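Fold and contact review
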Amino acid sequence: MVLEATMICIDNSEWMRNGDYSPFRIQAQADVVSLICGAKTQSNPENTVGILTMAGKGVRVLATPTSDLGKILSCMHGLEMGGEMNLAAGIQIAQLALKHRQNKNQLQRIIVFGGSPIKYEKKSLEMIGKRLKKNSVALDIVNFGEDEDGKPEKLEALLSSVNNNDSSHIIHVPSGQNALSDVLISTPVFTGDGEGGSGFAAAAGDVSDFDFGVDPNIDPELVLALRVSMEEERARQEAAAKRAAEEATRQEKGEEAEPQSDSQNATMTATEKVTDPMAFALSMNIPGSDSSVGDAEMSEAINGDQDLALALQMSMQDSSKDSSAQSDVSKVLGDQSFMSSILSSLPGVDPNDPNVKDLLASLPGQSESQEKKNEDEQPKDDK
């Protein structure tokens, strides 16, 4: 693995607001820078990466070469766009930052993103390239966006003046639907040179292969926390799905229970219709039903409770006594001679009084006897 210190020069000029690179130029550039920083630090723990901007009020160093990936990525947020790109000043300041790197054993590399027109002449750029070559600084150029004023030729001249043993590269990225990072992932900007370059590409791929995008060897506590959070969320979703299924099942059972309750009510009504005549017969003391119903009730009571059986037997005897007493009273009232003798024995009562005769005629027994007499007389009349 190559031990290397890298400075990335970002173009944050006004031309970076264009949307010809998804989603727009500055964001596409930031995505690529994040991947490159991750690949560099993953390939060798002692690699360092720094970032600077080349537009705005002037060249500004956002982060000096460091191996802290969090610090590198945090400085990429909230980049301000404006002004024109100052390519020469950006390369020179990047070289100065690499010159003051802490580990002098690190190789030096500058990665330049150029997405806006270049105002410098070709000769000026060639002089800068020769200076980089003299100080053993490799240069990678990513050309995208505008191609006006002979921009590709100028960048090619810069590359040819700095290139030493094919350690420097230039990549021309045309505009299109593909993201800038998708185009560059297989280029020497990621793959690098020789054995170390393949390590860059592998590290860049490993970043996406890790769970949650975090290497467990670097931050195991963060990976554990993310895994626990994901399991809790999965458990919550499963519980919610289970509750929804139970509610749906209860609703289906409720809909099935309503027709069942209707059938039960119909069955109960039919049963009541069958049992009501028996109860009605008992309450009305209908002749003929007393003995059969009484026997049935007595048999059930004997099987259940002796006290209840005794009470039912006594009630049945009382009802039979009442009916026999009523029949005796009816017979007495139906005897006219007996009633006449009783009324004549009473003081102040005249049996021949028309009112008394009407009263005797209105008695149940008298009416029945009168009807029998009329029935007997009708045959005689027919004769």
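Here goes a summary of the coordinates provided.

**Observations concerning the pairing of strand E4 (residues 107-114)**
Of all 8 residues in E4, 7 are buried; the element is thus mostly enclosed. Where strand E1 (residues 4-10) meets E4, 6 bridges bridge the pair, whose relative direction is parallel. Of the residues in E4, the one forming a bridge with Ile-8 is Ile-111.

**Side note on the packing of aromatic side chains**
One pass over the structure, following the stated rule, counts 1 aromatic pair. Ring centres of Tyr-21 and Phe-144 lie 5.5 Å apart, and the angle between their planes is 85 degrees; this geometry places the pair in the edge-to-face category. One end of the pair, Tyr-21, is in the loop between E1 and helix H1 (25-43); the other, Phe-144, is in strand E5 (residues 137-144), and 123 residues separate them in sequence.

**Here we look at the pattern of salt bridges**
Under the criterion given, the structure shown has 6 salt bridges. Between Arg-109 and Glu-4 there is a salt bridge; the shortest N-O distance is 2.8 Å. Of this pair, Arg-109 sits in strand E4 while Glu-4 is found in strand E1, placing the two residues 105 residues apart along the sequence. Glu-4 matches Arg-109 in its accessibility class, with the two residues each being buried. Ionic pairing is found between Arg-109 and Asp-140, a salt bridge with its closest N-O pair at 2.9 Å. With Arg-109 in strand E4 and Asp-140 in strand E5, this pair connects stretches of sequence that are 31 residues apart. With respect to class, Arg-109 is no different from Asp-140; both count as buried. Salt bridges sharing common partners tie together Glu-4, Lys-40, Arg-109 and Asp-140.

**Description of the nonpolar core**
Among the nonpolar cores identified, the biggest contains 30 residues, and Ile-8, Val-33, Ile-36, Ile-51, Phe-113, Val-173 and Leu-184 are the most heavily contacted of them. Setting aside residues no more than four positions away along its own chain, Ile-8 makes contact with Val-33, Ile-36, Cys-37, Val-49, Gly-50, Ile-51, Leu-52, Ile-111 and Phe-113. Listed in part, the 26 residues of the second largest apolar core include Ala-88, Leu-132, Leu-139 and Leu-159.

**Remarks on unusual backbone geometry**
Residue Pro-23 follows Ser-22 across a cis peptide bond; omega there is -10 degrees. Structurally, Pro-23 is set in the loop between E1 and H1. Look at Ser-136: it is not a glycine, yet its phi comes out positive at around 55 degrees. Within the secondary structure, Ser-136 is located in the loop between helix H4 (122-134) and E5.

**Here we look at helix H3 (residues 87-99)**
The terminal C-alpha atoms of H3, which comprises 13 residues, lie 18 Å apart, in line with the 18 Å expected from a rise of 1.5 Å per residue. Buried residues of H3: Leu-87, Ala-88, Ala-89, Gly-90, Ile-91, Ala-94, Gln-95, Ala-97 and Leu-98, and no others. Backbone nitrogen of Ala-89 and a side-chain oxygen of the N-cap are separated by 3.3 Å at the start of H3; the cap is Asn-86.

**Let's talk about the environment of Thr-249**
With respect to the element layout, Thr-249 can be found in helix H9 (residues 220-284). Owing to a relative accessible area of 37%, Thr-249 belongs among the partly exposed residues under this scheme. There is a polar contact of 2.9 Å between the side chain of Thr-249 and the backbone oxygen of Ala-245.

Procedures and definitions
- Residues numbered from 1 in each chain as written.
- Predicted model: local features only at pLDDT ≥ 70, side-chain atom pairs only at ≥ 80, totals over all residues.
- Heavy atoms only, no water.
- Buried < 20%, exposed > 50% of the residue type's maximum accessible area, 1.4 Å probe, protein only.
- Helix = DSSP H or I, 4+ residues; strand = E, 2+ residues; numbered from the N terminus.
- Pairing = 2+ DSSP bridges.
- Phe/Tyr/Trp six-rings, centres within 6.5 Å; stacked < 30°, edge-to-face > 60°.
- Salt bridge = Lys/Arg side-chain N within 4 Å of Asp/Glu carboxyl O.
- Core = buried A, V, L, I, M, F, W, Y, C linked by side-chain atoms within 4.5 Å.
- Contact = heavy atoms within 4.5 Å.
- Expected span 1.5 Å × (residues − 1).
- Polar contact = N/O pair within 3.5 Å; in protein donor to acceptor, adjacent residues only side chain to side chain.

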